[in-house]
Amino acid sequence: MNGALLVCKKEFLELSKDRRTVFFTFLLPLVLYPLLFAMVGGLSRTDEANRQGRASRVVLVDPGGVLTSALKAEPESFELVAPPAGDLRQAIRDQRLEMKIQVEADAPLKLSRHRTFTVTAACDPSEEASGLALTRLRKILEKQNRRWVEERLRLAGVSPELDRPSRLETQEMGDLGLKVGRTLGAFLPYLLMLMMFAGSMQHGIYATAGEKERGTLLSLLSTRLPRHQIIWGKLLYVFAVGLLSAFINLLSMGVSIGSVVRAGAEGQAMSAGSLADLARPSTLGLTFLLMAPLGLLFANFIVMMGIRARNSVEAGTSIMPGMVVVLVMAVFSMAPGLEKLAFLPYVPILNVSLAIRKLFSQQGNAFEFWVALLMTLGLAAVMTWLSTRLLNRETSVFTV
Amino acid sequence: MIELAEVYKGFTVRDRKTRQKKRIEAVRGVSFSVHPGEIYGLLGPNGAGKSTTLRLIAGLMQAERGLIRVGGFDAGREPEAARACVGYLSGDLNVYGRFTPREFLRLFGQFQGMQARVAEGRALALLERLGLLDFMDVRMEGFSTGQKQKVSVARALLHDPRVVVFDEPTTGLDVLTAKTVLDLLRELRAEGRAVIVSTHVMPMVEDICDRVGILFDGVLYGDAPLDQLLAARHARNLDEVFFQLAGEA
Ligand SMILES: Nc1ncnc2c1ncn2[C@@H]1O[C@H](COP(=O)(O)OP(=O)(O)O)[C@@H](O)[C@H]1O
Ligand SMILES: [Mg+2]
């Protein structure tokens, strides 16, 4: 066993000498997620700011003064400006103002006689800001109408709710955090798996087929270390690299989600509570627990293919299908409603992603979690036994 | 120190075109021995089975039949113990490019069960002897073939092996580096180690080998000092012997 640790140490030493590889394997994920989340967050924030915009600049002509006070009461929506010097159409086009509102001169009279008066809005709905002004006007007019109707009903001595037999009230049960969690949960497991696989693949090839190719394997085999310990050492190394990159990815993911949650707590966009659950140590810890045996499975596959290959290219082409399988499963698993298939918790690899997905959307199912964990663990154990048996043959090491 | 008795080793390869399996008999009934304080030269053209024979001695491969004893151990039954007393140099002329000689040798010393400090001290002495001390802390990527081979030689001798197995140690080296290696081999002989080297070129054999065996197509011809061997075949040099054997085959 000591020999295996020594070989593993050698691989890590060799890895540490290659700064660029270290950067791309371990440091890139560290900045990748914060960048990703910051970008998404930033996008939604600017979008939000654009949509809300500032107050709409309107010219209000209201001789009877029926709407003036209502508009003035909402300064965040309306800014009353003086009529433009030149052509109104041109002024709107030049974005000097958004809308002109003209209220009929005898509006107060019509209002008192219970007749309809007219409000004319001159705007350009193709201009986004102008369209927004119109929407705001509609809203405020509706509110004002409601008030007038209630006033009239009260004057007539009937219930102000006479014209409103019923009212719909919706209660939002889902929350944004949960929704984000579900979306993230659908692809983050696969992102994690892919990062783990890709992370250990390159190093696995370098340490196996690469050694053959570079002609250093024989010197390693000629030491007193038993061959199986060398294989274990390589396996341990590939496994450790995979785990490390999974860990770093998870950590980076957790930290970035955490910071989004904190930023969201200040703003109104994110309901922080349930999104924060994603960044909870227990969610990340359970996810990591599931990733570990999967990593061993991957490592076995990579080392098995790598040692039997004659060179790096051959190793790459034989390991790639494994990655493709994971990718295909990713596409397959993102299909909506898939989690309802009864046999899914028993499909290896897929069940791991399913379990992680449920962890992320807070639908964690202890039974499915254990099935996935134990199944992967068993599979990894069988694979380890198989690969060490297979590789501990002279013909696997000496391929020509 | 090294003893081979009726050793056989073959490989099964698959023909990529016809997809049929083919047997290659690389070593066929080879027997010889190398004693302490002796340099044995294993001669033969490419593909004769020299590397295979040396790999069998170094415990990297297992013989299919026959007996190999190295340093008193049965290489088939106790390959690790046998390997521990062998200093093996493969013909690959390659090292771990990302390491410096110091790091590389310290690590391999540990593989051989040595303390890192002890290994480093011994590495220092070997590299000084080989004239590579100035490059002790330089990454080996940019090393010349000669420099790489010197580091490999140091690696092979690091654990003070009683048996030295060098596969074509001078092939590809310039005369100066080759001389350094040959001089070192003489010293190893003087220290009482059993040395076996393989080659397909004459000069090295004439210079240092006490006895030689000619391997051709997996079969060993002769086991005597070079001049006796040449005289017996009425040949002036090694090439003529190879041509004769090729004609007989
Ligand atoms: N691992 C292997 N698998 C299949 N064939 C091999 C292997 N190693 C050597 N051979 C074959 O055995 C024969 C002897 O090879 P080798 O011992 O390398 O010769 P030499 O070192 O004398 O040039 C060659 O025909 C070679 O192709
Ligand atoms: Mg050879």
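Residues numbered from 1 in each chain as written. Chains lettered and ligands numbered in written order. Predicted model: local features only at pLDDT ≥ 70, side-chain atom pairs only at ≥ 80, totals over all residues. Heavy atoms only, no water.

## A look at the interface of chain B and chain A
Accessible area lost upon the coming together of the parts serves often as the stated size of an interface.
Reasoning step 1: Contacts between chain B and chain A engage 26 residues on the former and 28 residues on the latter.
Reasoning step 2: Between chain B and chain A, a total of about 2800 Å² is buried, with carbon and sulfur atoms accounting for 57% of that surface.
Reasoning step 3: On inspection of chain B and its partner chain A, the count reaches three salt bridges.
Reasoning step 4: Among the ionic pairs, E103 of chain B bridges to K17 of chain A, the shortest N-O distance being 2.4 Å.
Reasoning step 5: For the interface between chain B and chain A, the tally reads 15 residue pairs in polar contact (both at pLDDT 80 or more).
Reasoning step 6: Sorting the residues of the side of chain B that touches chain A by element identifies α2 (79-84) and α3 (101-111) of chain B as the ones contributing at least two each.
Reasoning step 7: Here the side of chain B that touches chain A takes five residues from α3 of chain B, the largest share from any one element.
Reasoning step 8: Class assignment for the residues of the side of chain B that touches chain A results in ten nonpolar, six polar and ten charged. (Contact = heavy atoms within 4.5 Å. Buried area = accessible area lost by both parts, 1.4 Å probe. Salt bridge = Lys/Arg side-chain N within 4 Å of Asp/Glu carboxyl O. Polar contact = N/O pair within 3.5 Å; in protein donor to acceptor, adjacent residues only side chain to side chain. Helix = DSSP H or I, 4+ residues; strand = E, 2+ residues; numbered from the N terminus. Nonpolar A, V, L, I, M, F, W, Y, C, P; charged D, E, K, R; others polar.)

## A closer look at the packing of helix α14 (residues 350-360) of chain A against helix α15 (residues 366-391) of chain A
Residue and element names in this part refer to chain A.
Reasoning step 1: Between α14 and α15, whose axes approach to 9 Å, the crossing angle comes to 145 degrees. Crossing of α14 against α15: the hand is left-handed. Across from N351, V352, L354, A355, K358 and L359 in α14, the residues of α15 making contact are E368, F369, A372, M375 and T376. (Axes fitted to C-alpha atoms, helices over the stretch in contact; angles between N-to-C directions. Left-handed = near helix turned anticlockwise from the far one by under 90°.)

## Some points on the domain arrangement of chain B
Residues and elements named next belong to chain B.
Reasoning step 1: Once the domains are mapped, chain B shows domain 1 (2-85 + 161-248) and domain 2 (93-159).
Reasoning step 2: Centre-to-centre separation of domain 1 and domain 2, based on C-alpha positions: 25 Å.
Reasoning step 3: Domain 1 puts 16 residues into the contact, and the matching count from domain 2 is eleven residues.
Reasoning step 4: For the domain 1 and domain 2 pair, buried surface summed over both sides reaches about 1200 Å², with 69% attributable to carbon and sulfur atoms.
Reasoning step 5: Between domain 1 and domain 2 we count one salt bridge in total.
Reasoning step 6: For E187, the salt bridge identified is with R129, shortest N-O distance 2.5 Å.
Reasoning step 7: Counting across the domain 1 and domain 2 interface gives two residue pairs in polar contact (both at pLDDT 80 or more).
Reasoning step 8: Here the side of domain 1 that touches domain 2 gets six residues from one element, more than from any other, and that element is helix α6 (residues 175-190).
Reasoning step 9: A breakdown of the residues in the side of domain 1 that touches domain 2 according to their chemical character gives eight nonpolar, four polar and four charged. (Domains from an automatic or database assignment.)

## Considering the packing of aromatic side chains
Reasoning step 1: In the structure shown here, the tally under the stated rule is 14 aromatic pairs over all chains.
Reasoning step 2: Here the aromatic rings of F247 of chain A and F288 of chain A are separated by 5.6 Å at their centres, their planes lie at 75 degrees, and the arrangement is edge-to-face. Highlighted residues: F247 of chain A in helix α10 (residues 227-266) and F288 of chain A in helix α12 (residues 281-308), separated in sequence by 41 residues.
Reasoning step 3: Taken together, a centroid distance of 5.9 Å and an interplanar angle of 85 degrees make the contact between F135 of chain B and F143 of chain B edge-to-face.
Reasoning step 4: Of the residues examined, F135 of chain B reaches a relative accessible area of 32% and is grouped as partly exposed.
Reasoning step 5: Classification of F143 of chain B as buried rests on a relative accessible area of 8%.
Reasoning step 6: Members of the aromatic cluster, each reached through a chain of ring pairs, are Y96, F99, F104, F108 and F111 of chain B.
Reasoning step 7: In this arrangement the basic side chain of R214 of chain A is found over the ring face of Y206 of chain A, its NZ or CZ atom lying 3.8 Å from the centre. (Phe/Tyr/Trp six-rings, centres within 6.5 Å; stacked < 30°, edge-to-face > 60°. Buried < 20%, exposed > 50% of the residue type's maximum accessible area, 1.4 Å probe, protein only. Lys NZ or Arg CZ within 6 Å of the ring centre and 35° of its normal.)

## A look at a nonpolar patch on the surface
Reasoning step 1: A cluster of nonpolar side chains, namely F23, F24, L27, L28, L30 and V31 of chain A, defines an oily patch on the protein surface of about 500 Å² accessible area.
Reasoning step 2: Turning to its location among the elements, L27 of chain A is positioned in helix α2 (residues 19-52). (Patch = residues over 30% accessible without salt bridge, like charges linked within 9 Å, V, L, I, M, F, W, Y side chains within 5 Å. Areas by Shrake-Rupley, 256 points an atom, 1.4 Å probe, with all protein chains shown as cover.)

## Things to note about the nonpolar core
Soluble globular proteins tend to bury their nonpolar side chains together.
Reasoning step 1: Of all hydrophobic cores here, the largest spans 95 residues; its most connected members are F32, I57, V70, F166, L185 and I196 of chain B.
Reasoning step 2: When residues in this core are grouped by element, the largest group, six residues, is from α6 of chain B.
Reasoning step 3: Core analysis: the second largest hydrophobic core is formed by 65 residues, L15, L297, I319 and A355 of chain A among them. (Core = buried A, V, L, I, M, F, W, Y, C linked by side-chain atoms within 4.5 Å.)

## Things to note about the pattern of salt bridges
Reasoning step 1: Tallied over the full model, the rule gives 38 salt bridges over all chains.
Reasoning step 2: Linking R102 of chain B and D137 of chain B is a salt bridge whose minimum nitrogen-to-oxygen distance equals 2.7 Å. Here R102 of chain B, found in helix α3, pairs with D137 of chain B, found in the loop between α4 (116-129) and α5 (145-157); they are 35 residues apart in sequence, far enough to count as distant.
Reasoning step 3: Exposure remark for R102 of chain B: the relative accessible area of 23% places this residue in the partly exposed category.
Reasoning step 4: With a relative accessible area of 48%, D137 of chain B lands in the partly exposed category.
Reasoning step 5: Through salt bridges with shared partners, a single network forms among K10, E11, E14, E211, R214 and K234 of chain A.

## Structural notes on the domain arrangement of chain A
Reasoning step 1: When the domains of chain A are assigned, the result is domain 1 (2-30 + 177-261 + 272-397) and domain 2 (54-155).
Reasoning step 2: Distance between the C-alpha centres of domain 1 of chain A and domain 2 of chain A: 62 Å.

## Comments concerning the sheet that holds strand β1 (residues 56-61) of chain A
Residues and elements named next belong to chain A.
Reasoning step 1: Strand order in the open sheet formed by four strands is β2-β1-β3-β4, with mixed pairing between adjacent strands. Looking along the sheet, the strands with just one partner apiece sit at the ends: β2 (78-80) and β4 (119-123). Direction aside, the axes of adjacent strands within the sheet are offset by 30 degrees on average.
Reasoning step 2: Across three bridges, β1 lies against β2 in parallel orientation. If you follow S56 over to β2, its bridge partner there is F78.
Reasoning step 3: In this fold helix α6 (residues 128-155) packs onto β1, β2, β3 (99-103) and β4, with an angle of close to 165 degrees to the strand it touches most, β4. (Pairing = 2+ DSSP bridges.)

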